[in-house]
Amino acid sequence: MNRAPLKRSRILHMALTGASDPSAEAEASGEKPFLLRALQIAVVVSLYWVTSISMVFLNKYLLDSPSLQLDTPIFVTFYQCLVTTLLCKGLSALATCCPGAVDFPSLRLDLRVARSVLPLSVVFIGMITFNNLCLKYVGVAFYNVGRSLTTVFNVLLSYLLLKQTTSFYALLTCGIIIGGFWLGVDQEGAEGTLSWLGTLFGVLASLCVSLNAIYTKKVLPAVDGSIWRLTFYNNANACILFLPLLLLLGELQALRDFAQLGSAHFWGMMTLGGLFGFAIGYVTGLQIKFTSPLTHNVSGTAKACAQTVLAVLYYEDTKSFLWWTSNMMVLGGSSAYTWVRGWEMKKTPEEPSPKEGEKSAMGV
């Protein structure tokens, strides 16, 4: 029996709540041989790892390469949003012209919807801009530690905005993450490689990631629950809002003076960065679809570990035992939080359900 396609709104809901997909479980127990399912999962997880890690290293090159010497982080972020917007519009047109060839929603720019999405777009701009600014000022090896407070902000904002409490064990894992973050900052300082500005941008990026996840749920109804429509409007709004920033920060003048402005290699790398930015949203949803939200989080933590090791090897860094300990604390705390939340979600159906009016909004 054919499986009904999984809507991206359902994928986001599963990612935010930690719930599993019943249809995926049904398919797992269906006719597909174990080896075929294992191969599919391995391919999807590998695709996620390659896309995510490649995007980080490519962005580091664009933002802070001595050979490129381009000091326009806002323009790099703007161009990636522009590429994503054009790709969304192009795939929408292709889906309209060739029904069945591409599964993509129809897109047209509705100013009323754009205004509804605008508050989320401001948070989205903060998220991607602070991410890139953090990556510009810190090394790839420290990048994960610098942005490691997302889970902590998830817990804090869930309480402040959604009035949702967190269990003692989940708070304990957050304590481990905070300890790892401070130890990492201390060790970067001891090695003389600490950038306080980059660390501040990492903390702000973590805050915006948490806010983005929470407010995405509130805005989704405005785009009929479609993640791709939301992606289109977020990036289209971002392209417009970035323009005054480019003027105010003088990046357009810096771009005019850039020696490699006419280089095909430069624009090829810029466009590839935009393609990776678009692709990461797709492969993330794909990984959740073929595994589960819990497995996706575990995969993301393992990917972060591999990315750190690759960065240390590639840049030929020498790190102390305590530096590695800080990374293990952050990754271990994140994994433990994922496990605790998954365990708590499994317990929830067994407990008496509260009345509909008494249910608290689901946190991230």
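Residues numbered from 1 in each chain as written. Predicted model: local features only at pLDDT ≥ 70, side-chain atom pairs only at ≥ 80, totals over all residues. Heavy atoms only, no water.

The subject of this paragraph is the overall build of the chain. Counting its regular elements, the chain contains 14 helices and 0 strands. Ordered by position from N to C terminus, the α and β elements of the chain give α-α-α-α-α-α-α-α-α-α-α-α-α-α. Within the chain, the fraction of its 364 residues that count as buried is 48%. Surface summary for the chain: the accessible area is close to 18500 Å², and the carbon and sulfur share equals 67%. (Helix = DSSP H or I, 4+ residues; strand = E, 2+ residues; numbered from the N terminus. Buried < 20%, exposed > 50% of the residue type's maximum accessible area, 1.4 Å probe, protein only. Areas by Shrake-Rupley, 256 points an atom, 1.4 Å probe, with all protein chains shown as cover.)

On to the pattern of salt bridges, then. Counting across every chain of the model gives 7 salt bridges. Its salt-bridge partner being Asp 64, residue Lys 60 comes within 3.3 Å of it at the nearest N-O pair. Here Lys 60 and its partner Asp 64 are both found in helix H3 (residues 34-64), 4 residues apart, which amounts to about one turn of the helix. Among the residues examined, Lys 60 registers a relative accessible area of 9% and is labelled buried. What you see here is one network of salt bridges that share partners, running through Arg 108, Asp 110 and Arg 112. (Salt bridge = Lys/Arg side-chain N within 4 Å of Asp/Glu carboxyl O.)

Following the UniProt record, the feature "transmembrane region" (unreviewed entry) maps to residues 38-62, 74-96, 116-134, 141-162, 168-185, 197-215, 235-252 and 264-284 here. What you have in residues 74-96 is 100% helix and 0% strand, and the ends, taken at the C-alpha atoms, are 33 Å apart. What you have in residues 168-185 is 100% helix and 0% strand, and the ends, taken at the C-alpha atoms, are 26 Å apart. (UniProt positions renumbered as here; feature names shortened; annotations may be inferred.)

Turning our attention to the packing of helix H13 (residues 293-314) against helix H14 (residues 321-347). Here H13 crosses H14 at 170 degrees, and the two axes come no closer than 9 Å. When the axes of H13 and H14 are compared, the pair comes out roughly antiparallel. Counted together, Leu 294, Asn 297, Val 298, Thr 301, Ala 304, Cys 305, Thr 308, Val 309 and Val 312 of H13 and Trp 323, Trp 324, Asn 327, Met 328, Leu 331, Ser 334, Ser 335, Thr 338 and Trp 339 of H14 form the full contact between these two elements. (Axes fitted to C-alpha atoms, helices over the stretch in contact; angles between N-to-C directions. Parallel < 35°, antiparallel > 145°, perpendicular 65-115°, else oblique. Contact = heavy atoms within 4.5 Å.)

Counting 58 residues, the largest nonpolar core has Leu 70, Phe 75, Cys 81, Phe 242 and Met 270 as the members making the most contacts within it. The element best represented in this core is H3, accounting for 8 residues. Those residues in contact with Leu 70 that sit more than four places away from it in its chain are Leu 62, Leu 63, Val 76, Lys 136, Leu 255, Phe 258 and Phe 266. In this structure, Val 223, Ile 227, Leu 230 and Phe 278 belong to the second largest nonpolar core, which totals 17 residues. (Core = buried A, V, L, I, M, F, W, Y, C linked by side-chain atoms within 4.5 Å.)

Within the element layout of this structure, Asn 212 appears in helix H9 (residues 196-219). Setting aside its immediate chain neighbours within four residues, Asn 212 contacts Leu 120, Val 123, Phe 124 and Met 127.

The geometry of an aromatic ring pair is captured by the separation of the ring centres together with the interplanar angle, meaning the angle of the planes. Applying the stated criterion across every chain, the model contains 18 aromatic pairs. With 6.2 Å between their ring centres and 85 degrees between their planes, Phe 75 and Trp 267 make a pair best called edge-to-face. Of this pair, Phe 75 sits in helix H4 (residues 73-97) while Trp 267 sits in helix H12 (residues 264-290), and the two are 192 residues apart along the sequence. Since its relative accessible area comes to 8%, Phe 75 is described here as buried. Judged by its relative accessible area of 28%, Trp 267 is partly exposed. Arranged with centres 5.0 Å apart and planes meeting at 25 degrees, the rings of Trp 228 and Phe 278 form a pair that is stacked. Here the residue Trp 228 occupies a position in helix H10 (residues 227-248), and Phe 278 occupies one in helix H12, the gap between them amounting to 50 residues. You'll find Trp 228 and Phe 278 in the same group, each marked buried. Grouped by ring-pair contacts, the aromatic residues Phe 75, Phe 78, Tyr 79, Phe 258, Phe 266 and Trp 267 constitute a single cluster. Above the plane of the ring of Tyr 137 lies Lys 136, whose end atom (NZ or CZ) is 5.8 Å from the centre. (Phe/Tyr/Trp six-rings, centres within 6.5 Å; stacked < 30°, edge-to-face > 60°. Lys NZ or Arg CZ within 6 Å of the ring centre and 35° of its normal.)

With 22 residues, H10 extends 32 Å from end C-alpha to end C-alpha; this agrees with the ideal 32 Å at 1.5 Å per step. The largest bend along H10 reaches roughly 25 degrees and is located at Phe 242, with the proline Pro 244 sitting one to four residues downstream. Of the residues one or two after H10, Gly 250 is the one with positive phi, at around 75 degrees. (Expected span 1.5 Å × (residues − 1). Bend = angle between axes of the 7 residues up to and from the residue.)

A few words now on the environment of Leu 171. Tracing the chain through its elements places Leu 171 in helix H8 (residues 168-190). Residue contacts for Leu 171: discarding those within four places in its chain leaves Val 155 and Thr 166.

A cluster of nonpolar side chains, namely Phe 168, Tyr 169, Leu 172, Trp 339 and Trp 343, defines an oily patch on the protein surface of about 640 Å² accessible area. Where the nonpolar patch is concerned, the elements lending two or more residues are H8 and H14. With 3 residues, the top contributor of residues to the nonpolar patch is H8. The residue Trp 339 is located in helix H14 in this model. (Patch = residues over 30% accessible without salt bridge, like charges linked within 9 Å, V, L, I, M, F, W, Y side chains within 5 Å.)

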